[in-house]
Amino acid sequence: MEALLQQLQESLLTHCRPVQVAFHLYEILSEAGYDDDMINEVTEALADIVA
């Protein structure tokens, strides 16, 4: 999990493509045991924050 968080941090610091950041978030949530419904709730919440 630590390696996934490190990759996410590096992506955010280097302003990588949004798709790459989203993929890192998906990996972290999947590794943490989130199912597809829970991940969808997180993405909707993030979309509300960004919009």
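Definitions and limits used
Residues numbered from 1 in each chain as written. Predicted model: local features only at pLDDT ≥ 70, side-chain atom pairs only at ≥ 80, totals over all residues. Heavy atoms only, no water. Helix = DSSP H or I, 4+ residues; strand = E, 2+ residues; numbered from the N terminus. Buried < 20%, exposed > 50% of the residue type's maximum accessible area, 1.4 Å probe, protein only. Expected span 1.5 Å × (residues − 1). Polar contact = N/O pair within 3.5 Å; in protein donor to acceptor, adjacent residues only side chain to side chain. Contact = heavy atoms within 4.5 Å. Axes fitted to C-alpha atoms, helices over the stretch in contact; angles between N-to-C directions. Parallel < 35°, antiparallel > 145°, perpendicular 65-115°, else oblique. Left-handed = near helix turned anticlockwise from the far one by under 90°. Nonpolar A, V, L, I, M, F, W, Y, C, P; charged D, E, K, R; others polar.

A. Fine view of the environment of Asp37. Take Asp37: it is sitting in helix α3 (residues 36-50). Using a relative accessible area of 57% as the deciding quantity, one classes Asp37 as exposed.

B. Spatial organisation of α3. An ideal rise of 1.5 Å per residue puts 21 Å on 15 residues; α3 measures up with 21 Å between its terminal C-alpha atoms. Where α3 begins, the capping side chain belongs to Asp35, and its oxygen is found 3.2 Å from the backbone nitrogen of Asp37.

C. A look at the environment of His24. Among the structural elements, His24 can be located in helix α2 (residues 18-31). Placed 19 residues apart in sequence, His24 and Leu5 show a C-alpha to C-alpha distance of 8.0 Å. Not counting the four nearest positions on each side in its chain, His24 is found in contact with Gln7, Leu8 and Ser11.

D. Region of interest: helix α1 (residues 2-13). A rise of 1.5 Å per residue sets the reference length of α1, with its 12 residues, at 16 Å; its end C-alpha atoms lie 16 Å apart and thus fit the reference within 8%. Looking at the buried side of α1, the elements it contacts are α2. The first or second residue beyond α1 is His15, which carries a positive phi of 55 degrees.

E. Representation of the packing of α1 against α2 in the model. Taken N-terminus to C-terminus, the directions of α1 and α2 make an angle of 160 degrees; their axes are 9 Å apart at the nearest point. It follows that α1 is roughly antiparallel to α2 by the angle criterion. Crossing of α1 against α2: the hand is left-handed. Residue-level inspection shows Leu4, Leu5, Gln7, Leu8, Ser11 and Leu12 of α1 in contact with α2, the latter providing Gln20, Val21, His24, Leu25, Glu27, Ile28 and Glu31. A class-by-class count of the residues in the contact of α1 with α2 yields 7 nonpolar, 4 polar and 2 charged.

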